[in-house]
Amino acid sequence: MTKERPEFRPQDLPSELPILPLRNSVFFPGAVMPLTIGRAKTIRLIEEATRDNSLLGIVTQRAPEIDDPSPDDLYEVGTAARIIKLARTGKDGFNIVVEGVSRFRIDGFTQEEPFFASRVTPLVDEGTGDVEVEALALNLKNTAREVIDMLPEIPVMAKQLLESIQAPGHLADLITANIDATIEEKQDVLEAVHLKVRLKRVLELLSRQFEVMKLSNKINSQVKGEMSKTQREYYLRQQLKAIKEELGDKDDDENGIEELERRLKEAGLTEEAEKACNRELRRMRNMQPSQAEYTVARTYLEWLADLPWAKASTDNLDLDNAKRQLDDDHYGLEKIKKRIIEYLAVRKLKHDMKGPILCFVGPPGVGKTSLGRSIADALGRSFHRISLGGVRDEAEIRGHRRTYIGALPGRIIQGLKKAGTHNPVFLLDEIDKLGSDFRGDPSSALLEVLDPEQNNTFSDHYLDVPFDLSRVLFIATANQLDTIPAPLRDRMEIIEVPGYTFEEKLNIAKRHLVPKQVKEHGITEEHISFNDEALLKLATSYTREAGVRNLEREIASVCRAVAVKVAQPPEPKEGEEQKADAGAEVISTDSLVEVLGPEKYFNETAERTSVPGVATGLAWTAVGGDLLFIEVTRMGGKGSLILTGQLGDVMKESAQAALSWMRSNATELGISDDADKHFLDKADIHIHFPAGAIPKDGPSAGITITTALISLFTNRNCRADTAMTGEVTLRGLVLPVGGIKEKVLAAHRGGIKRIIMPARNEKDLRDIPKNVRDELEFVFPKNVDEVLEAALEGGHPAKTRRMMTQAPATA
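Scope of this entry: the structure provided in the associated data block. (Residues numbered from 1 in each chain as written. Predicted model: local features only at pLDDT ≥ 70, side-chain atom pairs only at ≥ 80, totals over all residues. Heavy atoms only, no water.)

Turning next to the overall build of the protein. Counting secondary structure elements, the protein contains 28 helices and 24 strands. Against the 2.2 N^0.38 benchmark of 28 Å for 811 residues, the protein shows a C-alpha radius of gyration of 48 Å, more extended than a compact globule. In terms of overall dimensions, the protein has a C-alpha envelope of 155 × 100 × 70 Å along the principal axes. Per-residue burial for the protein yields a buried fraction of 46% across its 811 residues. Surface exposure of the protein reaches about 42100 Å², of which carbon and sulfur atoms provide 49%. (Helix = DSSP H or I, 4+ residues; strand = E, 2+ residues; numbered from the N terminus. Rg over C-alpha atoms; globule rule 2.2 N^0.38 Å. Buried < 20%, exposed > 50% of the residue type's maximum accessible area, 1.4 Å probe, protein only. Areas by Shrake-Rupley, 256 points an atom, 1.4 Å probe, with all protein chains shown as cover.)

Pasting the structure below:
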């Protein structure tokens, strides 16, 4: 604050002034300011001004960081000042005190060396005597009083000085010089010549300062109140603690911290986990239980204490027992059982073996999920299942960081806590149905979990300390491999679980499904029994699937019908006596029609291939193999090829290749002669793949399409008992395809007796069950001619044509 200065007349201001650049501040008329002079130009200016006892002009720099400003770096309006005190500080420096006397505007610089000098015009306050100006000045003074009242550290004389100022312009300058505002805002006030404009700007700045101070005081009061409440609670708790000690209850662990410490010591933490635990314990001791951070720290320590850092179950390494357990739970699946027995054998010889990462791939209902529990029982380990279908958040695997409210570890760590050991069997169900969105990609988070070289230091975001997953036996299940990212697929050992044959379904139903459903429906073997023919009929005519899920549903339907009869026996007719219990109801093929209605599936191959232009193919699907009928027809047109049935690009290209081969070999096949090489120019060919709602793709239908085309154009039927698969080339070669096991089992289920497949796929028959191989006839062609010989009634068209053209023998 400054004192009231004597009156200074603006006309006394010289027409030229030396200019002193000022950094980080704005100097107002009537203000007194100490300055430290250090720049060479400014020192020369001060020496010149004190020699002549003249005024100097103080102008604020636009950019305070510039050490040697140019005229363009200075504002145009400044304050004329006189030096009222000067003291030299060493050889090169001054401490001065200046007093502002008048505003001025720079009209042009007259020199820049050795210091700035410019022509100036004094600025006189405008609007003096205006009633609105007086009202604004009164309002400004009242607001200033309120601000001073909120600052008890300001001396009383400041308020007295405020009351003594009468000139509105001086009042505005004084207040602006002492409030918290930016350089630009203060410069705007200095440049405001009209008092009304100046007072409005200052009132706006002061009102803003007043609101900020009120809000600050309110916040301070709230904080003090909270601190007082916390201190009071602490004081009362200390008193309660002292009272308990006097009563002899000092051993009680009020907040359970000592119990938590004991659990943490017994948990067998790793070195890094122990460091994190001790750090959180120290923080928790310095907090009150009522604080939110206390609960966060307590929950974190509870998780550390509950995890099985050193607790492991003992593996049952009896190979005979494991094999017996797996055989009792599941029929067939020899490849998987063999792999588990191999793991146990190696585990028996090498105790520190890491857990394998297995992936069971197969159609629904073949027992992939239940097989995981059976493996855990055979090993004597805990079992935990994690359903990954539809999971889209990476935090589901790795957990949330503790900065989030309600944060928890991911499903892996949660599963370990539930399992209670660090070597359980983890079943990652439906791993092929993982999703991803803006929250991250869970399949990428699984890369570390399912990598034996990395998962010994798996880090969950919530725990933030490594946990060893190398002892966990991970088993993933999937219906197809296409949707699993390649890096994740590479980390797993893929074991295919194919569909069941009819014989396997019969044994599964007798051993597992029927006893299970009989028990679940409250009846016993005294009430119902199935003969083998009925079970086989259920598998062949009432269901058509790779697994046994629908078969179990049909068995359940039969059991419910019997349960109704047991619970509500029929009333005897008039004159008849109540019949004694006739014993168990034997379910036969005739009983199935009464309970389930007519057959749902029957062999339609003969019916559909009874006309030329229809061939039976074999397809692989995610739910097992299936029969694929291909229909071809010809009509008038312009030589176009029409393809329908929701086909992919690869299958469309197979159809083009098949048509091209037929056209190039039309003469040999007897479809056209040399005089009719353009026999297709006026005809359109339509190839249709029924079940149009199902997408289809792949090259394996190549020989089937070719056979259907030749069948149509030679007017020969395809053999009704034959199905085929294989890729065809433009040269007529038959190339190998995949999914042979699923396709063969689908053909067996569909009543097919002969299968045509590429010669190079003959090696894949070793995976087919022996009883299926014995019931089917296999043909292994190397080219299309051999396919036609085996697939068409009457054999290859060219062979028949040669026989017809041979001259009859003569005597």
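Picking up where we left off.
What follows covers helix H15 (residues 442-449). Where burial is concerned, most of H15 is hidden: six out of the eight residues are buried. All buried positions along H15 are accounted for by Pro442, Ser443, Ala445, Leu446, Glu448 and Val449. Against helix H13 (395-398), helix H14 (411-419), strand S9 (425-429), strand S10 (458-459), strand S12 (473-478) and helix H16 (486-490) lie the buried residues of H15. (Contact = heavy atoms within 4.5 Å.)

Moving on, we come to the sheet that holds S12. Pairing is parallel in the open sheet, where five strands are placed in the order S8-S9-S12-S7-S13. With partners counted over all chains shown, the strands left at the sheet margins are strand S8 (383-387) and strand S13 (493-496), one partner each. Direction aside, the axes of adjacent strands within the sheet are offset by 20° on average. Bridge count between strand S7 (residues 357-361) and S12: five bridges; the pairing is parallel. Its bridge partner lying in S12, Ile357 is registered against Phe474. (Pairing = 2+ DSSP bridges. Axes fitted to C-alpha atoms, helices over the stretch in contact; angles between N-to-C directions.)

Another aspect to go through is the packing of helix H17 (residues 502-520) against helix H19 (residues 549-567). Contact geometry of H17 with H19 gives a least axis separation of 10 Å together with a crossing angle of 45°. Judged on the interaxial angle alone, H19 and H17 are oblique. In this structure, H17 meets H19 at a crossing whose hand is right-handed. Contact residues: H17 offers Lys505, Ala509, Leu513, Val514, Lys516, Gln517 and Val518, while H19 offers Leu551, Glu552, Ile555, Ala556 and Cys559. Looking at the contact of H17 with H19 residue by residue, the class counts come to eight nonpolar, one polar and three charged. (Parallel < 35°, antiparallel > 145°, perpendicular 65-115°, else oblique. Left-handed = near helix turned anticlockwise from the far one by under 90°. Nonpolar A, V, L, I, M, F, W, Y, C, P; charged D, E, K, R; others polar.)

In total, this model carries one cavity of 30 Å³ or more according to the counting rule given. Roughly 40 Å³ of internal volume is contained in the largest cavity. When residues of the lining of the largest cavity are traced back to their parent elements, those giving at least two are helix H22 (649-664) and strand S19 (683-688). By residue class, the composition of the lining of the largest cavity is five nonpolar, two polar and one charged. (1 Å grid on protein atoms, 1.4 Å probe; cavity = no way out; pocket = protein on both sides within 12 Å on 5 of 7 lines; lining within 4 Å. Points joined across faces, edges and corners; volume = space filled by probe spheres on them.)

All right, on to the environment of Ile494 then. Within the fold, Ile494 resides in strand S13. Exposure remark for Ile494: the relative accessible area of 31% places this residue in the partly exposed category. Distance from Ile494 to Cys359, taken between C-alpha atoms, is 4.9 Å for residues 135 residues apart in sequence. Leaving out residues up to four positions away in the same chain, Ile494 has contacts with Cys359, Val361, Leu481 and Arg489.

With respect to the helices and strands, the residue His521 is situated in the loop between H17 and strand S14 (528-530). Among the residues examined, His521 registers a relative accessible area of 22% and is labelled partly exposed. In this structure the C-alpha to C-alpha distance between His521 and Arg560, which are 39 residues apart in sequence, comes to 6.7 Å. Apart from the residues lying within four places of it in its own chain, the contact partners of His521 are Ala556, Cys559, Arg560 and Ala563. Within the local environment of His521, its side chain forms a polar contact with the backbone oxygen of Gln517, the two atoms lying 2.7 Å apart. (Polar contact = N/O pair within 3.5 Å; in protein donor to acceptor, adjacent residues only side chain to side chain.)

Moving on to the pairing of strand S5 (residues 94-111). As judged from the six bridges shared by strand S2 (residues 32-37) and S5, these two strands associate in the antiparallel manner. Residue pairing in the sheet places Val32 in a bridge with Glu99 of S5. For strand S4 (residues 77-88) and S5, the ladder comprises 11 bridges, and the chain directions are antiparallel. Within S5, the position partnered with Arg88 by the bridge is Phe94. One ladder, built from seven bridges, connects S5 with strand S6 (residues 116-123); its direction is antiparallel. Across the sheet, the residue bridging to Phe104 is Pro122, located in S6. In this structure, the hairpin formed by S5 and S6 is closed by a connection of four residues.

Quick look at helix H20 (residues 589-596) now. If you check which residues of H20 are buried, you get Ser591, Leu592 and Leu596. Angular distribution of buried residues about the axis of H20 spans 105°; they occupy a single face of the element. Every exposed residue of H20 that faces more than 90 degrees away from the buried side is listed here: Asp590 and Glu594. Against the buried residues of H20 lie helix H18 (532-542), H19 and strand S15 (585-587). Positive phi shows up at Gly597, right after H20, with a value of about 90°. (Arc of directions from axis to C-beta.)

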